[in-house]
Amino acid sequence: MFKISSAKTRMIFFVLTVVLFVLGSGAPEAGGGVIMRSAWFIGF
Amino acid sequence: MILLLAVLAGLLSGLLRARLRKRAYQSFPLRLAWLVLAVIVAQWLIFSFPATRASLPGIVVRWIFVLSQLALLIFAWANRKTPGFWLLGAGLLLNLTVIALNGGLMPITPETVQWLRPDAPAGSWQIGQRLGFGKDIVLRREETVLWFLSDRFRSFSGLSYRVAFSLGDVFIALGAFWLLWTMGGPAREQPLKEKNHVPDQLPTFQ
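Remember, it's a predicted structure, so these values are computed and weren't measured experimentally. (Residues numbered from 1 in each chain as written. Chains lettered and ligands numbered in written order. Predicted model: local features only at pLDDT ≥ 70, side-chain atom pairs only at ≥ 80, totals over all residues.)

Novice: Can you help me understand the environment of Pro107 of chain B in this one?
Specialist: Tracing the chain through its elements places Pro107 of chain B in strand β1 (residues 106-108). Residue contacts for Pro107 of chain B: discarding those within four places in its chain leaves Val98, Asn102, Ile137, Leu139, Thr144 and Ser150 of chain B. (Helix = DSSP H or I, 4+ residues; strand = E, 2+ residues; numbered from the N terminus. Contact = placed C-beta atoms within 7 Å.)

Shown next, in the form of structure tokens:
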């Protein structure tokens, strides 16, 4: 098992938020694609 | 594509910068981050989810799109003190302006659509109509309000994957790069609260 520090969690959350913001601002069709692929990745 | 490239370049260069200087790659506190998730879900419903994108009336799609951009603008304003966010916000404002002035979708000229989709069958898109289930509307240059802010730039013709992008997208790409690059910079000091601040040296009076 590995532990993810809270600073790393915050950093990952921050980068993910920025990526989604950027896609939502300029390429909204791609933002939906990220959700679809994430859902597929976690098994939905 | 230009946006994802900017994010990747900013992330990699910021991580490299932090590693070379032996510093941690640090995030910034974010305000109203839930707004971004809400926007992405709304945009997914109008542009990507097959059951809703085909059934929602065009006017509803346009309103949701404009309101989603407005929500992102509020998010950018709430985080305007974070590096790069004023560029992100400026780019978003340019995109929102041209979208709102052209009926709620991003205008694109027929010439650019032909360049984007040279193999598209005849009749698969029409002038004055939304382009597929995407964010664009096909409008002639002379019919477009603030044409210079529309999706008028084209990716390098040498690439097999063709994309059109706007001036607002360029600002957003620069802002994303700057923000992610800054995260690999020097450690940021926490601002001192005025009431707890004790000066090292008392002022002297002569």
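Novice: I'm lost on the environment of Gly14 of chain B in this one. Help?
Specialist: Among the structural elements, Gly14 of chain B can be located in helix α1 (residues 2-20). Through-space distance from the C-alpha of Gly14 of chain B to that of Leu3 of chain B is 16 Å; in sequence the pair is 11 residues apart.

Novice: In this structure, what is going on with helix α2 (residues 33-47) of chain B? I would like to understand it.
Specialist: Note on helix geometry: an α-helix contains 3.6 residues per turn, so any two residues three or four positions apart are oriented the same way. When the terminal C-alpha atoms of α2 of chain B are compared, their 21 Å separation across 15 residues agrees well with the 21 Å that a helix rising 1.5 Å per residue should span. Turning to α2 of chain B, its buried residues number three or more, namely Leu35, Val36, Val39, Ile40, Gln43, Trp44, Ile46 and Phe47 of chain B. (Expected span 1.5 Å × (residues − 1). Buried ≥ 20, exposed ≤ 12 C-beta atoms within 10 Å, placed from the backbone.)

Novice: Would you take a moment to explain the interface of chain A and chain B for this structure?
Specialist: The extent of an interface is frequently quoted as the accessible surface area lost upon association of the parts. Across the contact, 23 residues belong to chain A and 33 residues belong to chain B. For the side of chain A that touches chain B, the elements supplying multiple residues, two or more each, are α1 (6-26) and α2 (28-41) of chain A. Sort the elements by how many residues they give to the side of chain A that touches chain B and α1 of chain A lands first, with 15 residues. Across the side of chain A that touches chain B, the residue classes tally to 14 nonpolar, 7 polar and 2 charged. (Nonpolar A, V, L, I, M, F, W, Y, C, P; charged D, E, K, R; others polar.)

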